[in-house]
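Coordinate inspection notes
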Amino acid sequence: MRDNIPVLLVDDDQVDIMTVQRAFKVNNISNPLNIVGNGREALDYLKQDGKYKNPKISPRPGIILLDLNMPIMNGIEFLKIAKANKELKKIPMIVLTTSKEENDRVESFNLSVAGYIIKPVEFEKFVEAVRVLNLYWTLSELP
Amino acid sequence: MVTQIKNIWNDFVSSGLGEEVDRIYLRRIKFANALSFWGILTLLGFGTVRMISGDHLIGLADLAVGGFMILNLIVLRFSKKVMLASSLGTGCLLILILFLFITGGADRTGIYWIYFFPVVSFFLYGIRGGFIWMGILYISILGLQVASWGRVISLAYDFGTTIQVLASLLMESALVCYYAKVMENEEKVVEANNLKLRETSQIMQNEMAQRQKAEDELLRISQAVRSSSDAIAIEDIDGTHLYHNKAFYNLFNFSVSGLNAYGGFAQLFSDPTAGKTIQEIVKRGGSWTGEVEVRRKDSSTVQTYLRINAIKDHAGSTIGSVFIYTDVSEKKKWENALVSSEERFRKVIASISDHIYMTNYSSEGIPTNAYVSPNVEKLTGYPHSRFLEDWGFWANDLIHPEDRAAARVQVENFKKGWDSQVEYRITRNDGESIWVRDSGRVEKQNGNITVYGVVSDISANKYQEEIKESLLQELKKANRELAEFAYIVSHDLKAPLRAISSLAQWLGEDYKDALDKEGQEKIDLLLGRAKRMHNLIEGVLAYSRLGRMKPTMSRVDSHEETRQVIDLLSPPGHIKISIAEKLPVIIYDRIQFNQIMQNLISNAIKYNDKDCGQINISCRQSEGYWEYLVSDNGLGIEEQHFDRIFKIFQSLKSRDEFESTGIGLTIVKKIVEYYGGTIKLASQPGRGSEFRFTVPGNLQPEPEESGKQLLGGQ
């Protein structure tokens with residue numbers, strides 16, 4: 001992705017995280033990938049609170065990949081808070097989820113997500129999805 | 001000749017007698033007339049003789065008085081004014097007498113006229129009138145005498161003669177007065193007799209009129225008897241039949257002589273003892289009333305209501321009896337019908353548990369119970385009589401205090417003539433409150449209102465309703481939970497599944513060298529099963545989503561949609577799909593129509609074992625619906641499995657052979673039936689299958705507005 005900007009992955013599932021990491025590797029994506037486990041942690045990370053104080057270890061991300069179904073604070077709740085924040089709402093947020101629920105999709109777009117990708121079951125297809133994602137965000141300008 | 005003269009004489013003496021003249025004058029006037037006649041003849045005779053003998057003055061007076069009297073008679077004859085004529089005549093005689101007093105008359109015989117005067121006065125005017133005239137005469141003569149003393153006039157007679165004349169006149173007057181009195185009495189007697197006669201004749205006339213009236217009445221009665229619809233007969237006390245009317249003949253078909261020949265009226269009764277009893281009653285002259293069966297001439301029997309009354313003569317002895325028969329066979333039938341219908345009604349009422357009532361509202365709105373079914377005892381535990389007597393017992397004592405307002409509204413509605421149904425509680429005798437439904441139908445007649453009502457115990461219904469309501473709530477809750485469950489399934493089951501799938505794949509890739517061929521196959525099997533599970537979950541989700549999604553009805557070009565579905569499925573080269581003709585435009589949910597077509601066509605593709613697969617899609621219109629046909633020349637299905645294939649997760653082929661979730665046809669069936677259609681299958685194993693599903697023609701598209709909203713408009 002453009003200029004090796006840091007990517008923040010918000011997901012609680014170990015295998016899902018592995019899938020993303022693996023797909024990045026397969027597609028030779030070298031952008032730094034930071035990982036937090038839920039919406040609450042994501043907000044702390046973005047505000048550089050607590051353990052995320054060091055900007056070298058926890059850099060401000062250019063793109064956020066967001067799972068919806070998470071403990072403590074789910075994706076939709078996170079979006080509601082983040083998109084209400086003047087600074088944070090500029091960051092492109094892409095939903096990466098297993099949910100095919102109409103409600104989730106509609107609400108996500110209402111909260112101005114940059115994309116909504118349903119995680120394919122087969123890893124090959126996921127790799128393909130990440131490849132396209134990378135291409136798009138290489139092409140697209142960032143705020 | 002003699003008769004003629006007599007007639008003329010009678011006519012003459014009756015001159016002046018109008019019909020209205022009082023009978024008391026009859027004789028007087030006849031007498032006066034006769035006297036006048038005699039006087040006229042005498043006067044005319046004397047007058048003529050005196051004129052001839054040269055005594056001209058007296059002669060002329062005689063003639064003048066006679067002429068005057070003729071004139072008097074003429075007046076009497078034509079003017080009918082009796083008193084006037086009589087007074088003229090009498091006055092004339094008075095003047096003649098006074099004239100003779102003055103003149104003396106021939107040989108002084110003229111004085112004798114004076115002796116006529118009392119006769120004329122008393123006979124003509126009665127006692128009182130006679131005295132008045134006599135008074136006038138005496139005063140006139142005494143007046144003349146006084147005048148002669150004063151030398152005003154000179155009289156022909158001297159004072160002594162005058163006294164002599166007046167004295168004898170007085171004696172004569174007494175005699176005449178007596179006779180007149182006798183005559184008057186006699187006349188009174190005659191008059192009284194006449195009066196009696198007249199009264200008698202009046203009485204006779206009245207009697208005649210009464211008799212006529214009685215006769216008329218008799219005629220009317222006999223006509224009434226003749227035309228009466230009741231059979232009427234008159235029987236003699238010895239049992240002889242005397243008379244009957246037409247209705248009797250119509251009822252029994254006997255003539256008078258025919259019945260007597262048959263044995264008399266006693267034979268008319270079906271029961272011989274009844275006949276004998278009745279005959280005894282008739283003989284005794286008694287009366288009897290009752291129902292009795294009688295026999296016609298043709299031996300058929302009729303039920304009659306019979307009244308027997310004795311006929312008595314004026315002396316009070318019985319001379320016969322009158323029999324009045326009323327045919328009551330029809331009435332009897334009606335009565336029987338009424339009794340049995342009422343019996344049925346009672347049985348019906350008794351057989352149902354509802355309480356039935358009939359209430360009358362007077363024009364002032366006052367209710368009274370006309371009928372209360374015995375079931376009220378069962379319903380309330382109070383005796384039946386309490387309700388019948390007192391309408392207010394139900395309204396004021398039984399109805400639960402909180403519900404009385406509602407019950408009052410119902411009564412007001414009834415008064416207005418409206419049907420009404422109300423549910424309220426009543427308190428039973430045992431203190432238990434039960435819910436009842438009181439529904440009344442109103443009938444109006446002449447300002448009065450009758451309510452026919454049914455009171456049903458609905459406590460059980462109320463309980464059922466409560467149970468139903470709580471079940472419904474539970475069901476709603478369960479449905480909500482199911483929807484949440486589907487969501488949980490989609491996330492929480494699919495996520496680990498995907499993880500398993502990914503990890504298995506990475507195992508295969510990362511440890512390629514460590515795994516032998518068998519190990520690799522197992523990893524492939526693991527991946528396949530994970531994928532199948534994913535499909536099953538997707539199927540369940542799709543199926544559950546069907547129940548939750550609100551369909552959007554619109555005009556669907558089924559031809560175009562089917563074509564797009566085929567494109568999307570991109571069938572393999574050996575399968576040929578043809579749409580037989582132009583498919584219609586229907587009203588349906590577009591996505592669900594696609595789902596149907598997609599499932600049916602994809603099945604037809606999947607289960608086709610032929611080198612040259614053929615799938616045909618067509619549609620035909622039937623009465624009220626469209627019928628779509630999707631047929632193929634594929635594997636076909638045995639008939640025993642027709643039902644099974646529509647059930648969820650049922651697949652006829654091994655999943656290793658044909659990857660299938662077994663949910664597609666279940667979804668198709670659910671959609672088709674949701675819209676009131678049916679789906680049927682015809683198939684021959686090895687030769688192919690044909691699915692037919694229907695779409696009702698009366699489905700309604702949604703209003704334009706909601707369509708616009710869906711398109712993202714206002």
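Residues numbered from 1 in each chain as written. Chains lettered and ligands numbered in written order. Predicted model: local features only at pLDDT ≥ 70, side-chain atom pairs only at ≥ 80, totals over all residues. Heavy atoms only, no water.

1. Comments concerning the overall build of chain B
When its secondary structure is counted, chain B shows 20 helices and 17 strands. In terms of overall dimensions, chain B has a C-alpha envelope of 220 × 80 × 65 Å along the principal axes. Buried positions account for 38% of the 714 residues belonging to chain B. For chain B, long-range pairs separated by at least 24 residues make up 57% of all intrachain contacts whose partners lie at least 6 apart in sequence. Carbon and sulfur atoms form 57% of the exposed surface of chain B, whose accessible area is close to 42000 Å². Treating the 80 positive side-chain charges of chain B as one cloud and the 86 negative ones as another, the clouds have centres 4 Å apart. (Helix = DSSP H or I, 4+ residues; strand = E, 2+ residues; numbered from the N terminus. Buried < 20%, exposed > 50% of the residue type's maximum accessible area, 1.4 Å probe, protein only. Contact = heavy atoms within 4.5 Å. Areas by Shrake-Rupley, 256 points an atom, 1.4 Å probe, with all protein chains shown as cover. Lys, Arg positive; Asp, Glu negative; His and termini not counted. Charge placed at Lys NZ, Arg CZ, Asp CG, Glu CD.)

2. As for the overall build of chain A
Check the secondary structure of chain A and you find 5 helices and 5 strands. In sequence order, chain A lays out its α and β elements as β-α-β-α-β-α-β-α-β-α. For a compact globule of 143 residues, the expected C-alpha radius of gyration is about 15 Å, and chain A comes in at 14 Å, within 12% of that figure. Overall size of chain A, expressed as C-alpha extent along the three principal axes, is 35 × 35 × 30 Å. Of all 143 residues assigned to chain A, the portion counted as buried reaches 52%. By sequence separation, contacts in chain A at least 24 residues apart represent 66% of the contacts at least 6 residues apart. Between the centroid of the 19 positive side chains of chain A and the centroid of its 19 negative side chains there is a distance of 7 Å. (Rg over C-alpha atoms; globule rule 2.2 N^0.38 Å.)

3. Observations concerning the packing of helix H17 (residues 558-569) of chain B against helix H18 (residues 590-606) of chain B
Residues and elements named next belong to chain B. Closest axis-to-axis distance for the H17/H18 pair is 9 Å, and the angle between their directions is 50 degrees. Put simply, H17 runs oblique to H18. In this structure, H17 meets H18 at a crossing whose hand is right-handed. Residue-level contacts link Ser558, Glu561, Thr562, Val565, Ile566 and Leu569 of H17 to Arg590, Phe593, Asn594, Met597, Gln598, Ile601, Ser602 and Ile605 of H18. Partitioned by chemical class, the residues of the contact of H17 with H18 number 7 nonpolar, 5 polar and 2 charged. (Axes fitted to C-alpha atoms, helices over the stretch in contact; angles between N-to-C directions. Parallel < 35°, antiparallel > 145°, perpendicular 65-115°, else oblique. Left-handed = near helix turned anticlockwise from the far one by under 90°. Nonpolar A, V, L, I, M, F, W, Y, C, P; charged D, E, K, R; others polar.)

4. Some remarks on the sheet that holds strand S4 (residues 93-97) of chain A
Residues and elements named next belong to chain A. Taken together, the 5 strands give an open sheet; going across it, the order is S2-S1-S3-S4-S5, and neighbouring strands pair in parallel fashion. At either margin of the open sheet sits one strand with a lone partner, and together these are strand S2 (33-36) and strand S5 (115-118). The sheet shows a mean angle of 20 degrees between the axes of neighbouring strands, taken without regard to direction. Where strand S1 (residues 7-10) meets S2, 4 bridges bridge the pair, whose relative direction is parallel. Looking at the pairing, Val7 lines up with Leu33 of S2. Sheet strands in contact with helix H3 (residues 75-84) are strand S3 (63-66) and S4, and its direction is about 175 degrees off that of S4. (Pairing = 2+ DSSP bridges.)

5. Quick notes on the domain arrangement of chain B
Looking at the assigned domains, one finds that chain B contains domain 1 (2-196), domain 2 (228-333), domain 3 (352-457), domain 4 (479-547) and domain 5 (550-709). Placing the centre of domain 3 of chain B and that of domain 5 of chain B at their C-alpha centroids yields a distance of 60 Å. (Domains from an automatic or database assignment.)

6. Let's talk about the packing of aromatic side chains
Residue and element names in this part refer to chain B. Inspection of every chain in the model, using the stated rule, returns 24 aromatic pairs over all chains. Taken together, the aromatic side chains of Tyr588, Phe593, Tyr628, Tyr674, Tyr675 and Phe693 make up a single cluster linked through ring pairs. In this arrangement the basic side chain of Lys462 is found over the ring face of Trp435, its NZ or CZ atom lying 4.5 Å from the centre. The positively charged end of Lys669 is found above the aromatic ring belonging to Phe646, 5.6 Å away from the centroid. (Phe/Tyr/Trp six-rings, centres within 6.5 Å; stacked < 30°, edge-to-face > 60°. Lys NZ or Arg CZ within 6 Å of the ring centre and 35° of its normal.)

7. Thoughts on the pattern of salt bridges
Opposite charge on two side chains makes pairing possible when the charged atoms of those side chains draw close. Counted according to the given criterion, the structure contains 30 salt bridges over all chains. We note a salt bridge from B:Asp230 to B:Arg307, for which the minimum N-O separation is 3.8 Å. You can see B:Asp230 sitting in the loop between helix H6 (159-227) and strand S1 (231-235) and its partner B:Arg307 sitting in strand S4 (residues 301-312), a full 77 residues away along the chain. The salt bridge partner of B:Lys462 is B:Glu423, with a shortest N-O separation of 3.2 Å. Residue B:Lys462 is located in helix H15 (residues 459-510), and its partner B:Glu423 is located in strand S8 (residues 420-427); the two are separated by 39 residues in the primary sequence. The exposure class of B:Glu423 is partly exposed, given its relative accessible area of 30%. Each of A:Asp11, A:Asp16, A:Asp67, A:Lys119 and B:Arg498 takes part in a single network of salt bridges with overlapping partners. (Salt bridge = Lys/Arg side-chain N within 4 Å of Asp/Glu carboxyl O.)

8. Quick word on a nonpolar patch on the surface
Residue and element names in this part refer to chain B. Side chains of Phe68, Leu71, Leu84 and Leu88 sit close together on the surface and give an oily, nonpolar patch of about 340 Å² of accessible area. Considering the arrangement of structural elements, one finds Leu84 in helix H4 (residues 82-103). Leu84 gets classed as partly exposed once you look at its relative accessible area, which sits at 46%. (Patch = residues over 30% accessible without salt bridge, like charges linked within 9 Å, V, L, I, M, F, W, Y side chains within 5 Å.)

9. Brief notes about the confidence of the model for chain B
Residues at a pLDDT of 70 or more form 90% of chain B, whose mean pLDDT is 82. For residues 705-714 of chain B, every residue scores under 50 in pLDDT, and the model assigns this stretch 3 contacts once sequence neighbours within four places are set aside. (pLDDT = per-residue confidence, 0-100.)

10. Remarks on helix H19 (residues 664-674) of chain B
The set of residues buried in H19(B) consists of B:Gly664, B:Leu665, B:Thr666, B:Ile667, B:Val668, B:Ile671 and B:Val672. Immediately downstream of H19(B), the backbone of B:Gly676 shows phi near 85 degrees, a positive value.

11. Brief notes about helix H9 (residues 272-284) of chain B
All names here are of chain B. For H9, which comprises 13 residues, the first-to-last C-alpha distance of 18 Å matches the rise-based estimate of 18 Å (1.5 Å per residue) to within 8%. Listing the buried residues of H9 in full gives Ala274, Gly275, Ile278, Ile281 and Val282. Relative to the axis of H9, the buried residues are bounded by an arc of 125 degrees and lie together on one face. The exposed residues of H9 that point more than 90 degrees off its buried face are Pro272, Thr273, Lys276 and Arg284. Looking at the buried residues of H9, the elements they touch are strand S3 (288-295), S4 and strand S5 (318-327). Once H9 finishes, Gly285 follows within two positions and takes phi at roughly 80 degrees, a positive value. (Expected span 1.5 Å × (residues − 1). Arc of directions from axis to C-beta.)

12. A few points about unusual backbone geometry
One can expect most non-glycine residues to show negative phi and most peptide bonds to be in trans. In this structure, A:Ile72 takes a positive phi of about 65 degrees despite not being glycine. Tracing the chain through its elements places A:Ile72 in the loop between S3 and H3. Note on A:Ile72: relative accessible area 72%, which makes it exposed. One non-glycine residue, B:Ser299, lies in positive phi territory at about 75 degrees. If you trace the backbone, B:Ser299 turns up in the loop between S3 and S4.

13. A word on the nonpolar core
Residue and element names in this part refer to chain B. Within the largest apolar cluster, 41 residues are counted, with the highest numbers of intra-cluster contacts made by Tyr588, Met597, Tyr628, Phe691 and Phe693. By residue number, the principal contributor to this core is H18, which donates 7 residues. Beyond its immediate stretch of four places on either side in the chain, Tyr588 contacts Thr552, Met553, Ser554, Val556, Phe593, Ile596, Ile671, Val672, Tyr675, Val695 and Leu699. Ile40, Met69, Leu93 and Met134 belong to the second largest nonpolar core, which has 40 residues in total. (Core = buried A, V, L, I, M, F, W, Y, C linked by side-chain atoms within 4.5 Å.)

14. Description of the interface of chain B and chain A
Across the boundary between the two partners, chain B contributes 17 residues, which contact 18 residues of chain A. Counting each side, the surface lost to burial between chain B and chain A is near 1800 Å², with a carbon and sulfur contribution of 49%. At the surface where chain B touches chain A, the tally comes to 3 salt bridges. Linking A:Asp16 and B:Arg498 is a salt bridge whose minimum nitrogen-to-oxygen distance equals 3.0 Å. Along the contact surface separating chain B from chain A lie 4 residue pairs in polar contact (both at pLDDT 80 or more). Among the secondary structure elements, those contributing two or more residues to the side of chain B that touches chain A are H15 and helix H16 (517-548) of chain B. (Buried area = accessible area lost by both parts, 1.4 Å probe. Polar contact = N/O pair within 3.5 Å; in protein donor to acceptor, adjacent residues only side chain to side chain.)

15. Thoughts on the sheet that holds S1(B)
Residues and elements named next belong to chain B. Across the sheet, which stays open at both edges, the 5 strands sit in the order S2-S1-S5-S4-S3 with antiparallel pairing between neighbours. The sheet is open, and its two edges are formed by strand S2 (241-244) and S3, each paired on a single side. Ignoring strand direction, the axes of neighbouring strands in this sheet form an average angle of 30 degrees. When S3 meets S4, the two strands line up antiparallel, connected through 8 bridges. Across the sheet, residue Arg295 finds its bridge partner in S4, namely Thr301.

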